[in-house]
Structure formats: structure tokens, C-alpha cells
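# Structural description and commentary
The lines below spell out each chain.
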Amino acid sequence: MSIDWAALGLQALNVLILVWLLARFFWRPVAGVIEQRRAAAQALLDDAGAKNEAAKAALAEVTATRAGFAQEREALLAQAQAQAAAARTTLLAAAAQEAEALRREARAAMQTEQAAAAQAWRARASRLAVDIAARLAARLQGEAVQAAFLEFLLREIQALPPAARQAAALEAVSATEIPAAAQPDITARISAALGATPRISFITEPALIAGLELRGPHLRISNSWRADLDSIEQDLTHDG
Amino acid sequence: MISPLSNPPLFHLGPLPVPESVVATWGIMLLLAGGGAMLTRGLRLAPSRTQAALELIVSTVDSQIRDTMRVEPGPYRAFIGTLFVFIFAANWSALLPGVEPPTAHLETDAALALLVFLAVIWFGVRAGGVRGYLASFAFPNPIMIPLNFIETLTRTFSLLVRLFGNVMSGVFVIGIVLSLAGLLIPIPLMALDLLTGAVQAYIFAVLAMVFIAGAVAEAKPETPSTKAPP
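Conventions used here
Residues numbered from 1 in each chain as written. Chains lettered and ligands numbered in written order. Predicted model: local features only at pLDDT ≥ 70, side-chain atom pairs only at ≥ 80, totals over all residues. Heavy atoms only, no water. Helix = DSSP H or I, 4+ residues; strand = E, 2+ residues; numbered from the N terminus. Buried < 20%, exposed > 50% of the residue type's maximum accessible area, 1.4 Å probe, protein only. Areas by Shrake-Rupley, 256 points an atom, 1.4 Å probe, with all protein chains shown as cover. Lys, Arg positive; Asp, Glu negative; His and termini not counted. Charge placed at Lys NZ, Arg CZ, Asp CG, Glu CD. Contact = heavy atoms within 4.5 Å. Buried area = accessible area lost by both parts, 1.4 Å probe. Salt bridge = Lys/Arg side-chain N within 4 Å of Asp/Glu carboxyl O. Polar contact = N/O pair within 3.5 Å; in protein donor to acceptor, adjacent residues only side chain to side chain. Nonpolar A, V, L, I, M, F, W, Y, C, P; charged D, E, K, R; others polar. Domains from an automatic or database assignment. Phe/Tyr/Trp six-rings, centres within 6.5 Å; stacked < 30°, edge-to-face > 60°. Lys NZ or Arg CZ within 6 Å of the ring centre and 35° of its normal. Axes fitted to C-alpha atoms, helices over the stretch in contact; angles between N-to-C directions. Parallel < 35°, antiparallel > 145°, perpendicular 65-115°, else oblique. Left-handed = near helix turned anticlockwise from the far one by under 90°.

### A few points about the overall build of chain A
Summing up its helical and strand segments, chain A has 4 helices and 4 strands in all. Secondary structure elements of chain A occur, N-terminal to C-terminal, as α-α-β-α-β-β-β-α. Counting only C-alpha atoms and orienting by the principal axes, one finds that chain A spans roughly 210 × 35 × 20 Å. Split into buried and exposed, the 240 residues of chain A put 25% on the buried side. Roughly 15,600 Å² of accessible area belongs to chain A as shown, and the carbon and sulfur atoms make up 61% of that amount. Of the side-chain charges in chain A, 24 are positive and 26 negative, and the distance between the mean point of each set is 8 Å.

### Re the interface of chain A and chain B
Each partner contributes residues to the interface: chain A has 30 residues there, and chain B has 42 residues. It is Gln11, Leu18 and Trp27 of chain A in chain A that bury the most area against chain B; as a group they hold 21% of the surface buried on that side. For the pair chain A and chain B, the number of links is 1 salt bridge. The partner of Glu55 of chain B in a salt bridge is Arg37 of chain A, and the shortest N-O contact between them spans 2.7 Å. At the junction of chain A and chain B, the tally comes to 8 residue pairs in polar contact (both at pLDDT 80 or more). Across the side of chain A that touches chain B, the residue classes tally to 24 nonpolar, 4 polar and 2 charged.

### Re the domain arrangement of chain A
By domain assignment, chain A separates into domain 1 (1-119) and domain 2 (140-239). Measuring from the centre of the C-alpha atoms in domain 1 of chain A to the corresponding centre in domain 2 of chain A gives 112 Å.

### Quick look at the packing of aromatic side chains
Per the stated rule, a full pass over the model turns up 8 aromatic pairs over all chains. Summarising the aromatic geometry, the rings of Phe149 of chain A and Trp225 of chain A are spaced 5.4 Å apart at their centres and angled 85 degrees between planes, so their arrangement reads as edge-to-face. With Phe149 of chain A in helix H2 (residues 143-159) and Trp225 of chain A in helix H4 (residues 225-239), this pair connects stretches of sequence that are 76 residues apart. On the basis of relative accessibility, which here comes to 3%, the residue Phe149 of chain A falls in the buried class. Judged by relative accessible area, which is 25%, Trp225 of chain A ranks as partly exposed. Aromatic pair Tyr133 of chain B and Phe137 of chain B: ring centres 5.3 Å apart, planes at 85 degrees, arrangement edge-to-face. Take Tyr133 of chain B and Phe137 of chain B: they sit in the same class, and that class is buried. An aromatic cluster of three or more residues is present, and its members are Phe149, Phe152 and Trp225 of chain A. Taking the ring centre of Phe25 of chain A as reference, the NZ or CZ of Arg24 of chain A above it sits at 5.1 Å.

### Digging into the packing of helix H1 (residues 5-138) of chain A against helix H3 (residues 74-92) of chain B
Running from N to C, H1 of chain A and H3 of chain B cross one another at 110 degrees; their axes reach a closest spacing of 9 Å. The orientation of H1 of chain A with respect to H3 of chain B, classified from their angle, is roughly perpendicular. For the pair H1 of chain A and H3 of chain B, the crossing hand works out as right-handed. Facing H1 of chain A, whose interface residues are Val15, Leu18, Val19, Leu22, Ala23, Trp27 and Ala31 of chain A, H3 of chain B presents Arg77, Ala78, Phe79, Gly81, Thr82, Val85 and Phe86 of chain B.

### Let's talk about the environment of Thr187 of chain A
Counting through the fold element by element, Thr187 of chain A comes out in helix H3 (residues 183-194). For Thr187 of chain A and Ala123 of chain A, which are 64 residues apart along the polypeptide, the C-alpha to C-alpha distance reads 38 Å.

### Considerations on the packing of H1 of chain A against helix H1 (residues 20-39) of chain B
The relative placement of two packed helices is expressed as an angle between their axes plus a distance between the axes. Interhelical geometry of H1 of chain A versus H1 of chain B gives an angle of 5 degrees and a closest axis separation of 9 Å. The angle between H1 of chain A and H1 of chain B places the two elements in the roughly parallel class. Facing H1 of chain A, whose interface residues are Ala7, Leu10, Gln11, Asn14, Ile17, Leu18, Leu21, Leu22, Phe25 and Phe26 of chain A, H1 of chain B presents Ser21, Val22, Thr25, Trp26, Met29, Leu32, Ala33, Gly36 and Ala37 of chain B. Partitioned by chemical class, the residues of the contact of H1 of chain A with H1 of chain B number 14 nonpolar, 5 polar and no charged.

Pasting the structure below:
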């Protein structure tokens with residue numbers, strides 16, 4: 001047995017060439033595609049992991065948002081309660097003010113009614129007093145009373161300014177009819193007081209109760225129980 | 001009967017005699033390289049059945065390299081895988097009528113063992129440099145330098161003898177039986193020879209991995225070394 005060294009060298013060269021050929025056309029491409037698939041799978045896993053993390057983050061965000069909703073609901077409830085309390089306070093205050101205003105109005109109305117009633121009662125009392133006084137005064141008829149009223153009338157005429165005493169015709173009004181015999185004397189005394197001689201006519205008005213008044217176009221002298229009572233009644237009514 | 005040990009030249013390529021084993025090797029090379037180039041033309045991420053089978057082969061080789069050498073298979077895949085595929089195809093080429101396996105001849109097995117011897121040096125130097133590779137012969141102490149050097153030569157020789165002896169003996173036995181008995185008698189022996197061929201291809205590749213891994217591990221000073229089996 002001998003070794004063919006040329007064949008040995010050729011075979012070694014052949015195997016080396018085969019190693020290169022298979023590395024070029026078989027081992028490297030197949031290993032490459034395996035690596036590509038592994039990388040793609042790894043990328044998918046990484047992507048899935050990233051999406052998983054994103055989903056977890058989204059879930060946490062949703063959870064936080066839901067917690068925020070609860071907090072916001074609590075805040076809204078608290079705000080609504082505060083607004084309701086404020087509105088209730090405002091309404092109570094407004095109601096209290098309105099009640100106070102109504103109470104004041106009622107009090108004012110009551111006071112007004114009381115004043116009106118008091119005024120009415122005062123007026124009634126005044127009228128009643130005047131009626132009583134008129135009935136009492138009506139019993140004081142006579143020449144002395146008539147003479148007193150004549151004197152009162154003359155003093156009133158003399159208190160008038162001179163211009164007011166000028167009149168062409170006057171009326172002398174009395175509660176009872178003045179006898180014709182006494183009329184010239186009264187006319188004379190009035191004319192003397194006036195400082196003129198107007199024409200004086202005598203009229204009877206029972207409403208005067210008692211007294212003697214002088215009336216003209218520009219002159220009116222009230223001098224009777226009626227005028228006094230009216231004046232008193234008016235004073236009583238107004239004083240109240 | 002022609003002696004299986006003889007390797008007569010079929011023709012001469014200039015001054016070089018070209019024996020039958022070399023021509024058979026060229027045929028195997030053409031078949032493997034052409035088939036590989038044709039089958040890997042349309043590789044896709046979604047594999048076909050053929051691509052899945054090819055990826056199974058590559059994945060199995062990678063897995064064996066990882067399990068045996070404890071390293072990433074990238075730098076060693078082409079050499080180890082090609083050794084296994086070539087020896088496997090060469091051993092099984094005996095199925096073809098008139099074809100004698102190239103591995104049944106001493107020159108082919110010697111060439112393969114020589115390549116493994118050179119690959120051990122190449123990968124060892126690449127892992128730890130020339131100094132680191134030479135220092136690996138002094139493991140575990142300098143007294144072992146002669147023994148380690150002799151071991152390197154003898155294990156390469158054992159590769160050669162193991163493969164040659166198994167394949168040549170199979171062919172020899174089948175030839176003897178075929179010359180003595182009928183046509184169908186050698187068939188069980190041929191089946192056994194196929195099994196022997198596959199096992200021998202696997203053993204050769206595994207031993208090459210072990211030798212290279214030992215050189216790489218011992219060449220790296222920081223790496224805990226694992227003494228390769230002889």
C-alpha cells in the first residue's frame with residue numbers, strides 16, 4: 001500500500017473548495033434566513049411587549065381617569081351642595097327680608113288704619129262734642145246772647161281794614177229772626193262800625209244756632225255758635 | 001478482484017494522475033454545491049417543506065456544535081457541516097452501481113484528517129494567537145509538551161485510520177461476499193454499511209468539533225480549559 005500524494009492534495013483541495021461552495025451557497029443563506037426569522041420573531045415579541053406595556057399604561061391611565069371621575073364627582077357634589085346651601089341661605093335671607101317688609105307694611109297699614117280709626121273716632125267725638133255743645137248752646141237763646149254776638153260783630157268789623165268795610169249791600173244772618181223793631185238799631189250800629197251806610201237785609205238761618213253774621217260780595221264775618229263750633233271741630237280734628 | 005487499497009488513475013490532468021476517488025469526489029461536490037445553490041435560491045421567512053428540511057439540517061448542525069463545543073456555531077458551521085455532509089454523501093455513494101466511495105481510499109481520508117489537523121491549528125491560533133495556541137501544548141504543565149504534541153499527531157492519525165478502516169472494510173467485505181455468494185446476499189451487509197457510513201460521518205464530525213473546541217478553549221487563557229479526549 002502506498003499513498004498517492006497528488007490524490008491526497010487534490011482531495012484536500014476539493015474538500016476545501018466544497019467547504020467554500022457550501023458556505024457560500026448553503027450554510028450561510030439558510031442560517032441567514034433562520035436568523036432573519038429569529039430577528040423577525042424577536043421584533044414581533046418586542047413589539048408585542050411594547051404594545052403590552054402600552055396597554056398596561058393605557059389601563060393605568062384609564063384607572064387614573066376613573067379615579068379622577070370619582071374625585072370630580074365628589075367635587076361636583078360638594079360644589080352642588082355648596083351652591084344649594086348658598087341658594088338656601090339667599091332664599092332664606094330674601095324670604096326674611098320679604099317677611100320683614102311685609103311685616104313693616106302690615107305694621108304701617110295697621111298704624112295707618114289705627115290712625116284713620118283714631119282720626120275717625122276723634123272726628124266722631126268732635127262731632128259728638130260739637131253736637132252736645134250745639135245742643136247746649138241752643139238753649140242759650142235770648143236778647144243777652146244776641147246783644148253779645150252784636151258786640152262781637154262790631155269788634156270784628158272795626159278790626160277790618162278800611163278797604164274791606166266798603167260794600168253796597170250786606171246781609172245780616174241770624175239763627176232766629178230778629179224782630180223788626182230791633183233791626184234799625186242793629187243796622188245803625190253796623191253802619192257806624194263800617195263807616196258807611198250800606199243796605200243791610202236780615203236773613204234767618206237756624207243752622208247758626210245763635211249769633212249774627214255779616215255777609216257781602218267781598219265780605220264775610222262769621223260770628224255764630226255754628227262758626228265757633230265748626231272752628232273748634234276743625235281744630236279738634238286737626239289736632240288729633 | 002481488484003484490491004480496495006489500490007487507487008489507479010483514470011486519467012491524467014497534465015502531470016497529475018486523477019484516480020477514481022477524485023472523480024467521485026468531484027461528482028459529490030457538484031451534487032452538493034449545485035443542489036445547495038438550487039435549493040437555497042428561493043428562501044423566504046415563511047418556509048416551504050424543502051426549506052424547512054434544509055433549515056432542520058442547519059439547525060441540527062448548529063445544535064451539535066453548541067452542545068459539543070460550547071460556542072456559537074457561526075465560525076465553525078461551514079467546516080464541520082461540510083465535513084459531515086461530504087463524508088455522509090461519500091459513504092453513501094456506495095449505493096450507486098459502479099461507484100466506489102472516495103472515503104474508502106486512504107488519500108481522501110488522509111486529506112480530511114489533514115484538514116482537521118490544519119483547522120485545529122487555524123481556530124486555535126485565531127482564538128488565542130500563535131503564542132496562546134503554542135502555550136496550550138504546555139497544559140497542564142510543560143512536561144506534557146511532548147505528549148500533547150504526539151497526541152495531536154496521533155489523534156489526527158486515528159481520524160484517518162478510523163474512517164478509512166470502517167469504510168474500506170465495508171467495501172472489502174461486500175466485495176468478498178459478492179464474489180462468493182449470490183446477488184441478494186450482500187444486501188444486508190450493504191444496509192449495515194450504510195449505517196456504518198452515517199455513524200462514521202457523525203463520529204468524524206464530532207471528533208473534529210472536539211479537537212477544535214479543545215484547541216480553542218486551551219488557547220484562551222481566561223477560559224476554563226476542557227481537555228479534549230484523544
